Amino acid sequence: MFPHQDYEDRLVAFIDVLGFSEMVDDTATDVKKLRHLTAALKSLYDRIWLWEADGSYSSFAFTQFSDSIVISSLAGTADSFEMLQQLLLGVMEMVDSYDVLVRGGIARGQLIHDSVMVVGPAMVEAYHLESKKAIYPRIIIAEELREQIEQDLEESFRTQTTLPEVPGFSRLFKTDDDGWSYLDYVNPDEAYFHVLDKDDHLKALEQLAHKGLQHPDERVREKYPWLQRKIERAKV
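Residues numbered from 1 in each chain as written. Predicted model: local features only at pLDDT ≥ 70, side-chain atom pairs only at ≥ 80, totals over all residues. Heavy atoms only, no water.

1. Details of empty space enclosed by the protein
1) Next: In total, this model carries one cavity of 30 Å³ or more according to the counting rule given.
2) Next: Volume-wise, the largest cavity comes out at about 40 Å³.
3) Next: Breaking the lining of the largest cavity down by element, the ones donating at least two residues are helix 3 (78-98) and helix 5 (143-159).
4) Next: A per-element tally of the lining of the largest cavity places helix 5 first, with three residues. (1 Å grid on protein atoms, 1.4 Å probe; cavity = no way out; pocket = protein on both sides within 12 Å on 5 of 7 lines; lining within 4 Å. Points joined across faces, edges and corners; volume = space filled by probe spheres on them. Helix = DSSP H or I, 4+ residues; strand = E, 2+ residues; numbered from the N terminus.)

2. Description of the layout of surface pockets
1) Next: Considered as a void within the structure, the largest pocket measures approximately 860 Å³ in volume.
2) Next: Surrounding the largest pocket, 31 residues form its lining, Leu18, Gly19, Glu22, Met23 and Lys211 being those nearest its centre.
3) Next: For the lining of the largest pocket, the elements supplying multiple residues, two or more each, are strand 1 (8-17), helix 1 (20-27), helix 2 (31-48), helix 6 (198-213) and helix 7 (218-221).
4) Next: The biggest single contributor to the lining of the largest pocket is helix 1, with six residues.
5) Next: Here the lining of the largest pocket is composed, by residue class, of 13 nonpolar, seven polar and eleven charged. (Nonpolar A, V, L, I, M, F, W, Y, C, P; charged D, E, K, R; others polar.)

3. Description of the packing of helix 6 against helix 8 (residues 224-235)
1) Next: Two elements in contact, helix 6 and helix 8, have axes whose closest approach is 9 Å; the angle formed by their N-to-C orientations is 155°. With respect to helix 8, the axis of helix 6 lies roughly antiparallel. As for how helix 6 packs across helix 8, the hand of that crossing is left-handed. In this structure, helix 6 uses Lys198, Leu202, Leu205, Glu206, Leu208, Ala209, Gly212 and Leu213 to contact helix 8, whose residues at the interface are Tyr224, Pro225, Leu227, Gln228, Ile231, Glu232, Ala234 and Lys235.
2) Next: Across the contact of helix 6 with helix 8, the residue classes tally to ten nonpolar, two polar and four charged. (Axes fitted to C-alpha atoms, helices over the stretch in contact; angles between N-to-C directions. Parallel < 35°, antiparallel > 145°, perpendicular 65-115°, else oblique. Left-handed = near helix turned anticlockwise from the far one by under 90°. Contact = heavy atoms within 4.5 Å.)

4. A few points about unusual backbone geometry
1) Next: A positive phi angle, near 55°, is found at Ser66, a position not held by glycine.
2) Next: Secondary-structure assignment places Ser66 in the loop between strand 2 (61-65) and strand 3 (68-74).

5. Some thoughts on the nonpolar core
Side chains of a nonpolar character, in soluble globular proteins, are inclined to be buried together.
1) Next: Residues Leu87, Leu101, Ile106, Tyr185, Leu205 and Leu227 are the most contacted members of the largest nonpolar core, which totals 57 residues.
2) Next: When near neighbours in sequence (up to four residues on either side) are disregarded, Ile106 contacts Leu11, Val12, Ala13, Leu84, Leu129, Ile139, Ile140, Ile141, Ala142, Leu145 and Phe173.
3) Next: Of all hydrophobic cores here, the second largest spans eight residues; its members include Val12, Val70, Ala107 and Met123. (Core = buried A, V, L, I, M, F, W, Y, C linked by side-chain atoms within 4.5 Å. Buried < 20%, exposed > 50% of the residue type's maximum accessible area, 1.4 Å probe, protein only.)

6. Section: the packing of aromatic side chains
For any pair of aromatic rings, the description consists of the separation of the ring centres together with the inter-plane angle of the planes.
1) Next: Summed over all chains, the structure comprises four aromatic pairs.
2) Next: Judged by centre distance (5.3 Å) and plane angle (85°), the ring pair of Phe14 and Tyr127 falls under edge-to-face. Within this pair, whereas Phe14 is found in strand 1, its partner Tyr127 is found in helix 4 (residues 121-134), the two being separated by 113 residues in sequence.
3) Next: Here the aromatic rings of Tyr45 and Phe62 are separated by 5.1 Å at their centres, their planes lie at 90°, and the arrangement is edge-to-face. Remark: Phe62 occurs in strand 2 and Tyr45 occurs in helix 2; sequence separation between them is 17 residues. (Phe/Tyr/Trp six-rings, centres within 6.5 Å; stacked < 30°, edge-to-face > 60°.)

7. Let's talk about the pairing of strand 3
1) Next: Of all the seven residues making up strand 3, six are buried; the element is thus mostly covered by neighbouring parts of the structure.
2) Next: Judged from the seven bridges that link them, strand 1 and strand 3 form a sheet pairing that is antiparallel. When the bridges of strand 3 are listed, Ile15 appears paired with Ile69.
3) Next: Direction of pairing for strand 2 relative to strand 3: antiparallel, over a ladder of five bridges. Considered in strand 3, the bridge of Phe62 is made with Ile71.
4) Next: Remark: two residues form the turn of the hairpin made by strand 2 and strand 3, two consecutive strands paired antiparallel; Ser66 in that turn has positive phi of roughly 55°. (Pairing = 2+ DSSP bridges.)

And the structure:
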């Protein structure tokens, strides 16, 4: 029997790797593509856990199963701010180094997330956002939660003198044409290009958008004009 666990108030991101089935089909006969895919998945894991690279403890939890990735941390803490930043950088790296696009949803609420299980209303909400609302290759978040996170960050700066300043955090999210707030990994704040080159990033996205627009399945193709528009705006 597992010991009894209580829900925690956690920030959770549910991420779907787009085109995953086709990638897996290719790995059956090509070991290089298998290594490429597993390296892409591990790169996000490594990026999230970078926060603990100096040996300090964090509340992060990470689960990957097939094309689904779940990342969470205690809400309203430095961990939750760092999680969002590392998620952004990790997804950018998956685009630039591994030609992988994702879609996702971010929620906050009751959640149990450890090495054994992930369960709770927050998980259901994040999954609902990804599968029913996000539609395009974007990671969306409810406007109320975005505002709450930004307020928590401001409060943390006032009360925790040890919390490092977060560059461009107020511009981490953008508001899309349909009103949804989203984590912008297409054209983030310049502060986030200290790791990756912006021109190379946009070129990688253009190649993925072109490939998506040529896909034989109309349901896949219809997701990519959105990405093409975001790329064109980023060039301005």
